[in-house]
Amino acid sequence: MKFGLCFGMVVPPDGELSWADAVADFIRLAPEIESLGYDSVHVTEHHFQRDGHNSSPLTVLAAVAAVTERLELTTNILLASLYNPVKLAEDTAVVDNISRGRLRLGMAPGYVTEEFAGLMVPYETRARRFEEVMDILQAAWTNETFSYEGEFFSIPETRLMPRPVRRPHPPIWYGVSGKLMLRRAAARGAAWVGSPRHTIDELAEHLAVYRKACDETGFVPQELPIMRGVYIAETREEAERIAAPAVTHLFRELYGRKSAEGERQLRNDAGAVIEDADTVSFETFKDRYIIGSPDDAIERITALRDRLGMTELTCWTQLPGIGGADVLSSARLFAKEVIPAFRD
């Protein structure tokens with residue numbers, strides 16, 4: 001099994017960390033994360049949120065590419081519907097060249113209305129636009145020249161330069177949960193990545209749709225990556241002391257707020273839809289986290305692997321407000337006590 005570390009650059013406005021601190025922690029810690037035996041690093045993307053998030057995932061990964069040699073650099077998730085697809089093809093190819101072919105692209109249509117409004121993209125077109133963006137990316141990456149005529153984009157004969165180092169192109173993951181998009185992931189031959197928003201039961205439901213579509217199209221996925229909020233310490237009490245406020249903020253501020261506004265449902269561990277973000281708490285969302293001792297982590301990871309067939313766990317350890325020293329403490333302990341339990 002593979003293991004990665006996610007850096008979200010989410011900084012609560014009432015906390016001690018600035019956004020500059022969070023991104024500096026990522027760049028500074030990346031070489032040690034590589035030396036600890038992790039396989040990948042991951043970054044998220046959101047825009048216009050009061051607690052920051054990462055609005056430029058490719059820029060951040062380019063910085064980390066310069067200080068690492070082996071780690072796979074992963075967008076998890078890049079909101080492709082918000083981009084000019086030709087410029088996105090260029091930027092991803094450049095980062096893939098900077099990293100000598102280490103870029104992986106987890107992508108999704110997006111769902112946060114203010115992001116579409118602020119970037120002047122019609123919200124109601126996001127799913128159709130996403131598929132056109134994906135078509136254009138693959139055409140640009142794999143052909144000497146390409147053109148495109150669609151509902152949203154009309155591109156004359158164009159040459160992408162440079163082309164990606166990795167052939168035929170950087171791996172594509174779909175970060176989606178709706179049935180239509182799960183089927184489209186299978187049709188494109190893309191890996192599906194499980195979101196930290198969902199319980200293991202919800203992930204199993206999504207996976208069943210995806211696997212059925214894979215069977216129908218003849219696609220045999222080789223990867224099943226899943227992201228979880230992960231923080232471990234010597235004791236469960238110490239891990240929860242550090243990480244419980246962080247995951248409560250994450251689920252309350254964006255996921256819970258959007259569910260309460262009726263934009264994207266979030267359910268707590270009991271299955272109730274969140275209609276008031278203030279009802280979100282660490283205790284009512286524990287099924288989504290891996291927060292505790294090394295033994296706790298091994299138990300939870302084993303359950304994900306055995307039930308879902310997970311091949312890679314992305315550990316979102318730089319959770320909101322958690323600084324570099326605490327991130328490194330968890331990463332070191334996880335590498336020492338947890339990763340060896342899952343290596344062949």
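Residues numbered from 1 in each chain as written. Predicted model: local features only at pLDDT ≥ 70, side-chain atom pairs only at ≥ 80, totals over all residues. Heavy atoms only, no water.

1. Things to note about the overall build of the chain
Within the chain, the secondary structure is distributed over 10 helices and 11 strands. In terms of overall dimensions, the chain is globule-like: its C-alpha atoms have a radius of gyration of 19 Å, near the 20 Å expected for 344 residues. In terms of its C-alpha atoms, the chain occupies a principal-axis envelope of roughly 60 × 45 × 40 Å. Across the 344 residues in the chain, those meeting the buried criterion constitute 56%. Partitioning the contacts of the chain with sequence separation of at least 6, the portion at a separation of at least 24 is 72%. Here the chain has roughly 14,100 Å² of accessible surface; of this, 50% comes from carbon and sulfur atoms. (Helix = DSSP H or I, 4+ residues; strand = E, 2+ residues; numbered from the N terminus. Rg over C-alpha atoms; globule rule 2.2 N^0.38 Å. Buried < 20%, exposed > 50% of the residue type's maximum accessible area, 1.4 Å probe, protein only. Contact = heavy atoms within 4.5 Å. Areas by Shrake-Rupley, 256 points an atom, 1.4 Å probe, with all protein chains shown as cover.)

2. A closer look at the packing of aromatic side chains
Enumeration over the complete set of coordinates arrives at 11 aromatic pairs. With a centroid separation of 6.3 Å and 40 degrees between ring planes, the pair formed by W192 and Y210 is classed as tilted. Highlighted residues: W192 in strand β8 (residues 191-192) and Y210 in helix α7 (residues 200-217), separated in sequence by 18 residues. Note on accessibility: W192 and Y210 belong to one class, buried. Between F251 and Y255, the aromatic rings sit 5.1 Å apart at their centres with planes inclined by 80 degrees, giving edge-to-face as the arrangement. (Phe/Tyr/Trp six-rings, centres within 6.5 Å; stacked < 30°, edge-to-face > 60°.)

3. Some points on helix α6 (residues 179-188)
Residues lying three or four places apart along an α-helix face the same way, a consequence of the helix completing one turn every 3.6 residues. Regarding α6, the residues found buried are M181, L182, A185, A186 and R188. Buried residues along α6 sit against α5 (126-142), β7 (172-174), β8 and α7. Where α6 terminates, the next one or two residues include G189, which has phi positive at roughly 75 degrees.

4. With respect to the environment of T59
Take T59: it is sitting in helix α2 (residues 57-65). Looking at T59, the relative accessible area reads 52%, which means it is exposed. Between the alpha carbons of T59 and T311 there is a distance of 27 Å; along the sequence they are 252 residues apart. Polar contacts involving the side chain of T59 include one to the side chain of S56, which spans 2.6 Å. (Polar contact = N/O pair within 3.5 Å; in protein donor to acceptor, adjacent residues only side chain to side chain.)

5. Considering the sheet that holds strand β11 (residues 312-318)
The strand order across the open sheet formed by nine strands is β8-β7-β4-β3-β2-β1-β11-β9-β10, and the pairing between neighbours is parallel. The sheet terminates laterally at β8 and β10 (289-292), the two strands that pair on one side only. Where strand β1 (residues 2-7) meets β11, six bridges bridge the pair, whose relative direction is parallel. Note on β11: the bridge partner recorded for G4 is T314. (Pairing = 2+ DSSP bridges.)

6. Here we look at the nonpolar core
Counting residues in each nonpolar core, the largest one holds 108 residues, and the members touching the most others are F3, F26, Y38, M107, Y174, I301 and F334. Considering every element that reaches this core, the biggest residue donor is helix α8 (residues 236-260), with 10 residues. Core analysis: the second largest hydrophobic core is formed by five residues, I77, A108, W173 and V193 among them. (Core = buried A, V, L, I, M, F, W, Y, C linked by side-chain atoms within 4.5 Å.)

7. Quick look at the packing of helix α9 (residues 294-308) against helix α10 (residues 324-337)
Where α9 contacts α10, the two axes come as close as 10 Å, and the packing angle between them is 65 degrees. It follows that α9 is roughly perpendicular to α10 by the angle criterion. α9 and α10 meet at a crossing whose hand is right-handed. Every residue of α10 that contacts α9 at P294, A297, I298 and I301 is listed here: L333, F334 and E337. Taken together, the residues that form the contact of α9 with α10 break down as six nonpolar, no polar and one charged. (Axes fitted to C-alpha atoms, helices over the stretch in contact; angles between N-to-C directions. Parallel < 35°, antiparallel > 145°, perpendicular 65-115°, else oblique. Left-handed = near helix turned anticlockwise from the far one by under 90°. Nonpolar A, V, L, I, M, F, W, Y, C, P; charged D, E, K, R; others polar.)

8. What to know about the pattern of salt bridges
Applying the stated rule across the entire model yields 28 salt bridges. For R128, the salt bridge identified is with E151, shortest N-O distance 2.8 Å. Residue R128 is located in helix α5, and its partner E151 is located in the loop between β5 (146-149) and β6 (154-158); the two are separated by 23 residues in the primary sequence. In this structure, the salt-bridge partner of R163 is E144, at a minimum N-O distance of 3.4 Å. Within this pair, whereas R163 is found in the loop between β6 and β7, its partner E144 is found in the loop between α5 and β5, the two being separated by 19 residues in sequence. Taking the relative accessible area as the measure of exposure, R163 reaches 17% and is therefore buried. Through salt bridges with shared partners, one network takes in E72, R104, R166, E223 and E312. (Salt bridge = Lys/Arg side-chain N within 4 Å of Asp/Glu carboxyl O.)

Don't take any of this as a statement about function, it's just geometry.
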